Amino acid sequence: MRSTSAEPAVRTRRRLIAASLVSSFGDGIYVPLTMLFIHSLTSLSLTSIGAGLTVAGLCGLAFMPVTGVLIDRFGGRQVLIAALVLRAAGFAAYPFADSYPAFLTTALVVAVGMWASSPSQQALIGEIAEGTERDRLLAWDRSLRNAGMGGGSLAAAGMLALNGNAGFIGAAVVLATVFAIAAVLVARISAVHGGDRRPEGTRGGYRQVLADQPYLLITAANFLIERELPAHVVRTRETTTAAQRP
C-alpha cells in the first residue's frame, strides 16, 4: 500500500478542523446562556454577574498583547492548547464558585482563554499551511465554526428544557468536556512546520508592529467591524432585561 508525504499534513488539518468544530460547539452553548448559566450556578445577582463579566472581559482583552508575545515565542499550537485548557478548567470550576471572588476568578480564567483562542488558532493555521492552502483552511475553519455555533445553540435550547439547575450543571460538564477534547485534538497536531519565517537577523516586537502603518490601519478597521464582542454584549443585555421583567 502506497503512503504519501501529504498524509501527515492531511491528518494535521483534519485535527485542527475537528478541534475548531468542537470548541465552536461549546461557544454555541455558552454564549446564549451566559447570564442565566452563571446566575443558576452561583446564585449571584444579575447586576453583579454583569459587572463581573465586564471586568473579566476587559482584563482578558488587556491580556491580548501578552498573548501575542507568547505566540511569537512558543507558537500558536502551544498557546491554543493552554487557552483551551483554561476554558475547560474555568467551566469545570463554575459549579463550585460559591462566592463573588471565586466567580470573578473563574470568569477571568474563561475570558483569558476565550480571547487567546482566536489569535492562537489563526497563528497555528499560519504555521501549518501556506498560500492558497492557508486560505482554504481559513475558509473551512470559519464555515465549520459557524456550523458548530449553531449546533451548540440548539443544544443550549435543549438544556434549558430541563428542570431546576440540572440543565446548567449539565452545560458546565459539557463545556468542560468539549474544550478538554479540543485541547487534546490540538495537542495531537505534530506536523507544525511553518514556525518562524522571519529572515535570520531580523528583530520583531511591538516596536516593529507600531511602525507598520498599513497594518495598523487594517487592524483598526477590523476592530471597528468586529462583531463577536458586540453580539455577546447584546445577548447579555437582552438576557438580563428578560430575566428582570416581572
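Here, the structure is the one placed above.
Residues numbered from 1 in each chain as written. Predicted model: local features only at pLDDT ≥ 70, side-chain atom pairs only at ≥ 80, totals over all residues. Heavy atoms only, no water.

(A) Spotlight on the side chain of Thr67. For Thr67, the location among the structural elements is in helix H3 (residues 64–74). Aside from chain neighbours lying at most four places away, what touches Thr67 is Val79, Ala116 and Pro119. (Helix = DSSP H or I, 4+ residues; strand = E, 2+ residues; numbered from the N terminus. Contact = heavy atoms within 4.5 Å.)

(B) Spatial organisation of the packing of helix H4 (residues 76–93) against helix H7 (residues 166–187). At a minimum axis distance of 8 Å, the contact between H4 and H7 shows a crossing angle of 165 degrees. Classified by the angle their axes make, H4 and H7 are roughly antiparallel. Considering only the axes of H4 and H7, their crossing is left-handed. Here H4 contributes Arg77, Leu80, Ile81, Leu84, Val85, Arg87, Ala88, Phe91 and Ala92 to the contact with H7, which in turn contributes Ala172, Leu175, Ala176, Phe179, Ala180, Ala182, Ala183, Val186 and Ala187. Split by residue class, the contact of H4 with H7 holds 16 nonpolar, no polar and two charged. (Axes fitted to C-alpha atoms, helices over the stretch in contact; angles between N-to-C directions. Parallel < 35°, antiparallel > 145°, perpendicular 65-115°, else oblique. Left-handed = near helix turned anticlockwise from the far one by under 90°. Nonpolar A, V, L, I, M, F, W, Y, C, P; charged D, E, K, R; others polar.)

(C) Summary view of the pattern of salt bridges. Applying the stated criterion across every chain, the model contains four salt bridges. We note a salt bridge from Arg87 to Asp27, for which the minimum N-O separation is 2.5 Å. Of this pair, Arg87 sits in helix H4 while Asp27 sits in helix H1 (residues 6–42); the two residues are 60 residues apart in sequence, bridging distant segments of the chain. Overlapping salt bridges bring together Arg13, Glu133 and Arg136 as one network. (Salt bridge = Lys/Arg side-chain N within 4 Å of Asp/Glu carboxyl O.)

(D) Representation of a nonpolar patch on the surface. A surface patch of nonpolar side chains, about 530 Å² in accessible area, is lined by Val69, Tyr206, Val209, Leu210, Tyr215 and Leu216. Secondary structure elements with two or more residues in the nonpolar patch: helix H8 (206–210) and helix H9 (213–225). For the nonpolar patch, the leading source of residues is H8, giving three residues. Tracing the backbone through its elements, the reader meets Tyr206 in helix H8. (Patch = residues over 30% accessible without salt bridge, like charges linked within 9 Å, V, L, I, M, F, W, Y side chains within 5 Å. Areas by Shrake-Rupley, 256 points an atom, 1.4 Å probe, with all protein chains shown as cover.)

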